[in-house]
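Architecture at a glance
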Amino acid sequence: MTTLSTEVPPRTDRTTEPRPKSARRRRREQQWPAYVFLSPWMIGAVVLTLVPMAVSLYLSFTDYNLFDPPHWVGLRNYTEMLTEDPRYWRSVGTTLLYVVIAVPLKLGLALGAAMLLKNLGRGRAFYRSAFYAPSLLGASMSIALVWRALYNDGGTVPHLLDSVGIHTGGWVGNPDLAMYVVVALTAWQFGAPMVIFLAGLQQISPDLYEAAALDGAGRWRQFVSVTVPMLSPVVFFNLVLEMIQSFQVFTPAFVVSNGTGRPADSTNFYTLYLYERGFTASHMGYAAAMAWLLLIAVGVITLILFRTSRSWVFYADEEGR
């Protein structure tokens, strides 16, 4: 008796089903349009930022005068800067003094103006635009020239001070006052941090002020106990931005001192001295070393600010943690 086999032979014409795509492959296919749109920025970042930074880092270890090929000198630029150049350290001291004075003054004016505008009803948009306008104009060469004329001998500011019995003479030629011309111009440009402060003030709940008033807190106590803690993230943000910008001040100092840092190096800010060594004295390697030390110093100070912010910056979402 013959036994019949129950096995079904495989079909040779069956089409093989496609394997499902992996999650990583699907994610790549979804992301490629984003990279296409980002490519102009990425190319610009590499060509205009990363490559010049790498070249300047190399030049900082060379003797380069813009005309002859760079000559490798190792750490000589850095050692000369830190141990043999007294003008370098004077520029560091002048810049630090400027930052310590200008940044708190500018932020104080910005916060005061923002609090006034917050409680202002009619005309808020006009005054906000008027206060913000100097931030758009202040960095220009023309405004710096006007500012120099205002504080020069026979200028408007010395004349007004003379009329009230304060005889200072021209600030531009006075070593004790020349730097404050730049400070005043910086403080006048408080519009940008003011707008940020105003946005932060509008996010504070009125219920907090009502609760503080019910507890008997006056305006000053409300400011200290409610406004400052709730506004501390915005204060921190503005502080970091203004600190970084203040270390890079150049145009006002260049105009006020005619590019020399005079009188008596009182306006010889770090970036102005960097410009002088790089483009006036043609010591481009030395200037590149100065630029890298400035980058490191600003990075360290910013890191310190972020570390210390944990003790004084209050975030509302941390309340329930």
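Rules of the game
The residue numbering used here restarts from 1 in each chain and proceeds along that chain's sequence as written. Residue-level local features of this predicted model are given only where pLDDT is at least 70; pairs of side-chain atoms are given and counted only at 80 or more, and the full residue set underlies all totals for whole chains, interfaces and linings. The side-chain numbers reported here are obtained from all heavy atoms of the structure, hydrogens and water having been left aside. Only the contacting stretch of a helix is used when fitting its axis, a line to C-alpha atoms as for every element, and angles between N-to-C directions run 0 to 180 degrees. A run of DSSP states H or I qualifies as a helix once it reaches four residues; a run of E qualifies as a strand once it reaches two. Both are numbered from the N-terminal end. Roughly parallel covers angles under 35 degrees, roughly antiparallel covers those over 145, roughly perpendicular covers 65 to 115, and oblique covers all other angles. Definitions for this section: a left-handed crossing has its near helix turned counterclockwise from the far helix by less than a right angle. A right-handed crossing has that turn clockwise. In this analysis, two residues are considered to be in contact whenever any of their non-hydrogen atoms come within 4.5 Å of each other. For this scheme, ten residues count as nonpolar: Ala, Val, Leu, Ile, Met, Phe, Trp, Tyr, Cys and Pro. Four count as charged, namely Asp, Glu, Lys and Arg, and the remainder, Gly too, count as polar. By definition here, a salt bridge exists when the distance from a side-chain nitrogen of Lys or Arg to a carboxyl oxygen of Asp or Glu is within 4 Å. Each residue's exposure class comes from its accessible area (1.4 Å probe, protein chains only) as a fraction of the maximum for that residue type: buried when under 20%, exposed when over 50%, partly exposed otherwise. Any pair of Phe, Tyr and Trp rings, taking the six-membered ring for Trp, is counted once the centres come within 6.5 Å. Such a pair is stacked with planes under 30 degrees apart, edge-to-face with planes over 60 apart, and tilted for the rest.

1. A closer look at the packing of helix 5 (residues 141-151) against helix 7 (residues 178-188)
Axis separation between helix 5 and helix 7 bottoms out at 10 Å; the angle between their running directions is 130°. Relative to helix 7, the element helix 5 is oriented oblique. Every pair of crossing elements has a handedness; the one defined by helix 5 and helix 7 is right-handed. In contact with Ile143, Ala144, Trp147 and Tyr151 of helix 5, helix 7 contributes Val181, Ala184, Leu185 and Trp188. Here the residues of the contact of helix 5 with helix 7 sort into 8 nonpolar, no polar and no charged.

2. Structural notes on the pattern of salt bridges
For the structure on display, the rule yields 6 salt bridges. Between Asp85 and Arg277 there is a salt bridge; the shortest N-O distance is 3.3 Å. One end of the pair, Asp85, is in the loop between helix 2 (76-83) and helix 3 (86-118); the other, Arg277, is in helix 12 (residues 270-280), and 192 residues separate them in sequence. Across the pair, exposure class does not vary: Asp85 and Arg277 are buried alike. When the shortest N-O distance is used, the salt bridge between Arg87 and Glu276 registers 2.8 Å. With Arg87 in helix 3 and Glu276 in helix 12, the pair connects residues that are 189 residues apart, well separated along the chain.

3. Digging into the packing of aromatic side chains
For the structure on display, the rule yields 19 aromatic pairs. Ring geometry for Phe61 versus Trp72: centroids 5.6 Å apart, planes at 25°, classification stacked. Taken as a pair, Phe61 in the loop between helix 1 (23-59) and strand 1 (62-63) and Trp72 in strand 2 (residues 71-72) lie far apart in primary sequence, 11 residues in all. Between Phe131 and Phe190 the ring centres are 5.8 Å apart and the planes differ by 45°, which places this aromatic pair in the tilted class. One end of the pair, Phe131, is in helix 4 (residues 124-137); the other, Phe190, is in the loop between helix 7 and helix 8 (191-202), with 59 residues separating them in the sequence. Residue Phe131 is classed as partly exposed on the basis of its relative accessible area of 30%.

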